[in-house]
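Overview (structure and organization)
Here is what each chain is made of, one letter per residue.
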Amino acid sequence: MGSKRELVLIDTNIFVIDLRYKRDVNFKLNRLFLSFVTQSGSGFTTIVNLLELCGILSFNLNQDQVIDLWTYFQGRYKITVLPEPNLQNDFPNIEINRLFGILSKKTSFGDAFMISVAERFLSFVPTMVTWDDAHFKDKFAGEVLTPDAFLAGHN
């Protein structure tokens, strides 16, 4: 680690805690991590993560609010979503064989799909940050850290 500009792939659970669970035991640390990423401009996530976030929050938001989340997400967090979130785009073309290879490592479909999209569109990002680091061990090609472990390496 080291560089303040280290590029990071951010998992959905980071955003869910920030937007939904203000009383979560990890909320303050989660917010510190997101502030760091916002200031450094080093954050990325996948279209799969953004769709997952919209789905999770759709139970408590109306349709206009879900569209606003989709539309303003990148600006709110100063991160880049790849492939670009455009409602007119086709879904990313992912080889079933690669997806199945990740699934065979005891991975949920959502995590396997996100990893596949990240490999294809964000292969230049060496680090993933998630609260579920054990879920991605030996599945994500780069380093997988929790927000506290990431921040500890940047102090």
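Below is a summary of the structure that appears in this document. (Residues numbered from 1 in each chain as written. Predicted model: local features only at pLDDT ≥ 70, side-chain atom pairs only at ≥ 80, totals over all residues. Heavy atoms only, no water.)

Next up on the list: the overall build of the protein. The helix and strand inventory of the protein stands at eight helices and five strands. Its helices and strands taken in sequence order, the protein reads β-α-α-β-α-α-β-α-α-β-α-β-α from the N to the C terminus. By the compact-globule yardstick of 15 Å for 155 residues, the protein fits well, its C-alpha radius of gyration being 15 Å. Counting only C-alpha atoms, the protein reaches 40 × 40 × 25 Å along its principal axes. Per-residue burial over the protein gives 46% buried out of 155 residues. Sequence separation of at least 24 residues holds for 66% of the intrachain contacts in the protein that already meet a minimum separation of 6. With the model as given, the accessible surface of the protein reaches about 8,600 Å², and the carbon-plus-sulfur share is 53%. Side-chain charges in the protein split into 15 positive and 17 negative, and the spacing between the mean points of these groups amounts to 5 Å. (Helix = DSSP H or I, 4+ residues; strand = E, 2+ residues; numbered from the N terminus. Rg over C-alpha atoms; globule rule 2.2 N^0.38 Å. Buried < 20%, exposed > 50% of the residue type's maximum accessible area, 1.4 Å probe, protein only. Contact = heavy atoms within 4.5 Å. Areas by Shrake-Rupley, 256 points an atom, 1.4 Å probe, with all protein chains shown as cover. Lys, Arg positive; Asp, Glu negative; His and termini not counted. Charge placed at Lys NZ, Arg CZ, Asp CG, Glu CD.)

Pairing is parallel in the open sheet, where five strands are placed in the order β3-β2-β1-β4-β5. Across the chains shown, the open sheet's two edge strands, defined by having one partner strand only, are β3 (80-82) and β5 (143-145). Neighbour-to-neighbour, the strand axes of this sheet turn through a mean angle of 30 degrees, independent of strand direction. When strand β1 (residues 8-10) meets strand β4 (residues 127-129), the two strands line up parallel, connected through three bridges. (Pairing = 2+ DSSP bridges. Axes fitted to C-alpha atoms, helices over the stretch in contact; angles between N-to-C directions.)

Turning next to the pairing of strand β2 (residues 43-46). Neither face of β2 is open: one carries G43 and T45, the other F44 and T46, and all of them are buried. With two bridges connecting them, β1 and β2 associate as parallel partners. Paired with V8 across the strands is G43, a residue of β2.

Tracing the backbone through its elements, the reader meets R76 in helix α4 (residues 63-77). Residue classification places R76 among the exposed positions, given a relative accessible area of 53%.

What follows concerns the pattern of salt bridges. Taken as a whole, this structure holds two salt bridges when the rule is applied. Where R31 meets D18, a salt bridge forms, and the shortest distance between an N and an O atom there is 2.7 Å. Taken together, the residues span a long stretch of sequence, with R31 in helix α2 (residues 27-40) and D18 in helix α1 (residues 12-20) at a distance of 13 residues. Take R31: its relative accessible area is 31%, and that puts it in the partly exposed class. Here E119 and R98 are joined by a salt bridge, their closest N and O atoms 2.6 Å apart. Note that E119 is positioned in helix α6 (residues 109-121) and R98 in helix α5 (residues 96-103), a separation of 21 residues in sequence. (Salt bridge = Lys/Arg side-chain N within 4 Å of Asp/Glu carboxyl O.)

Here we come to the nonpolar core. Grouped together as the largest cluster of nonpolar side chains are 47 residues, with contacts concentrated most on F33 and F73. What F73 contacts, discounting residues up to four positions off in sequence, is F15, T45, L50, L53, D68, I79 and V81. (Core = buried A, V, L, I, M, F, W, Y, C linked by side-chain atoms within 4.5 Å.)

Structurally, T107 is set in the loop between α5 and α6. Looking at T107, the relative accessible area reads 11%, which means it is buried. In sequence terms T107 and L57 are 50 residues apart; their C-alpha atoms lie 23 Å from each other. Excluding its chain neighbours within four sequence positions, the residues that come into contact with T107 are I102, A112 and K139. Here the side chain of T107 touches I102 through a polar contact of 3.1 Å, landing on its backbone oxygen. (Polar contact = N/O pair within 3.5 Å; in protein donor to acceptor, adjacent residues only side chain to side chain.)

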